[in-house]
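Overview (structure and organization)
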Amino acid sequence: ALLCALEFEQARRERQKSENAQDFPETFYFESIELYPIPEEIWSQLDYASLLANERLSCEEIQAIFEKIHRAPWNERCEILPGFVLHKRHEDILTFEPAAQYQVVFFDAFSPDCQPMLWSKEVFGKIKSAMLPGAFMTTYSSKGFVKQNLRLQRASQTRSRPKTPRATDSPVIKCRASLQRAR
């Protein structure tokens, strides 16, 4: 969610300066599914802000966004930035029943070696069924059985960068246990 929020904020600021500000979406909805949230005593020690600071967003601004994301309440919508709405779901992806249609899915589950059940054709099928036409899903895993499970969902395999599978099937699939939903 942090990287999406930062990209959204940087783009929003750029669009405010340009003549095409009306082309920018009013609301960006990001939905995340997490069964085991990172406790504050761990996430509060992470220093992503100093790694991600740039000429457009300061370390302090990034840290504030990072903290808003982590302090946002579970199981309800929360506006993290003007127009960036986060909905953190404290749920298991295996029992999650999507109530929305998604445009983009980032699948960032733990390693397929550690949790193969999260990388099953059933999970990918559930995700695909909740995707809009033209949507896409991505994951970092390039394991053979992950590619096979994506193919079993009638998805063709292409590569957007080395070792990063990208599944496409007119509705494309881009996967994470965090789901970004179209409004």
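Residues numbered from 1 in each chain as written. Predicted model: local features only at pLDDT ≥ 70, side-chain atom pairs only at ≥ 80, totals over all residues. Heavy atoms only, no water.

Turning to the packing of helix α1 (residues 2-17) against helix α4 (residues 59-71), a few remarks are in order. Where α1 contacts α4, the two axes come as close as 10 Å, and the packing angle between them is 130 degrees. The pairing of α1 with α4 is recorded here as oblique in orientation. The two elements α1 and α4 meet at a crossing, and its hand is right-handed. Side by side, α1 and α4 meet where Leu2, Ala5, Leu6 and Arg13 of the first sit next to Glu61, Ile62, Ile65, Phe66 and Ile69 of the second. (Axes fitted to C-alpha atoms, helices over the stretch in contact; angles between N-to-C directions. Helix = DSSP H or I, 4+ residues; strand = E, 2+ residues; numbered from the N terminus. Parallel < 35°, antiparallel > 145°, perpendicular 65-115°, else oblique. Left-handed = near helix turned anticlockwise from the far one by under 90°. Contact = heavy atoms within 4.5 Å.)

Let us look at unusual backbone geometry. Within the chain, Asn75 stands out as a residue other than glycine whose phi angle is a positive 65 degrees. Locating Asn75 in the fold gives a position in the loop between α4 and β2 (77-81).

On to the pairing of strand β1 (residues 28-33). The buried fraction of β1 is high, at six of six residues. Of the two faces of β1, the one lined by Phe28, Phe30 and Ser32 and the one lined by Tyr29, Glu31 and Ile33 are each fully buried. (Buried < 20%, exposed > 50% of the residue type's maximum accessible area, 1.4 Å probe, protein only.)

By the bridge criterion, five bridges tie strand β4 (residues 102-107) to strand β5 (residues 131-139) in an arrangement that is parallel. When the sheet's bridge partners are listed, Val104 is paired in β5 with Phe136. (Pairing = 2+ DSSP bridges.)

What follows is about the confidence of the model for the protein chain. Summary statistics for the protein chain give a mean pLDDT of 79 and a share of 79% for residues scoring 70 or more. The lowest-confidence element of the protein chain is strand β8 (residues 178-181), averaging 36 in pLDDT; the highest-confidence one is α4, averaging 96. Here residues 155-183 scores under 50 on pLDDT; set against residues more than four positions off or in separate chains, the count is 122 contacts. (pLDDT = per-residue confidence, 0-100.)

All right, on to the pattern of salt bridges then. In the structure shown here, the tally under the stated rule is six salt bridges. A salt bridge links Glu61 to Arg13, with the shortest nitrogen-to-oxygen separation between them at 2.8 Å. Of the two residues, Glu61 is situated in helix α4 and Arg13 in helix α1; the sequence distance between them amounts to 48 residues. On the basis of relative accessibility, which here comes to 30%, the residue Glu61 falls in the partly exposed class. Of the charged contacts in the structure, one is a salt bridge between Arg89 and Glu31, with a shortest N-O distance of 2.6 Å. Of the two residues, Arg89 sits in strand β3 (residues 84-89) while Glu31 sits in strand β1, which places them 58 residues apart along the sequence. Accessibility classification places Arg89 together with Glu31 in one group, the buried group. Where salt bridges share partners, they join Glu9, Arg12, Arg13 and Glu61 into one cluster. (Salt bridge = Lys/Arg side-chain N within 4 Å of Asp/Glu carboxyl O.)

Quick look at the packing of aromatic side chains now. Summed over all chains, the structure comprises nine aromatic pairs. Where Tyr48 meets Phe66, the ring centres are 5.8 Å apart and the plane angle is 70 degrees; that geometry is what we call edge-to-face. Of the two residues, Tyr48 is situated in helix α3 (residues 48-52) and Phe66 in helix α4; the sequence distance between them amounts to 18 residues. We classify Phe66 as buried; its relative accessible area is 4%. Ring geometry for Phe107 versus Phe124: centroids 5.6 Å apart, planes at 70 degrees, classification edge-to-face. A residue pair is termed long-range when its members are at least 10 positions apart, and Phe107 in strand β4 and Phe124 in helix α5 (residues 121-129) qualify at 17 residues. Taken individually, Phe107 and Phe124 each receive the classification buried, so the pair is uniform in this respect. A connected cluster of aromatic rings, assembled from ring pairs, spans Phe8, Phe28, Phe30 and Phe84. Lying across the ring of Trp74, Lys88 places its NZ or CZ 4.5 Å from the centre. (Phe/Tyr/Trp six-rings, centres within 6.5 Å; stacked < 30°, edge-to-face > 60°. Lys NZ or Arg CZ within 6 Å of the ring centre and 35° of its normal.)

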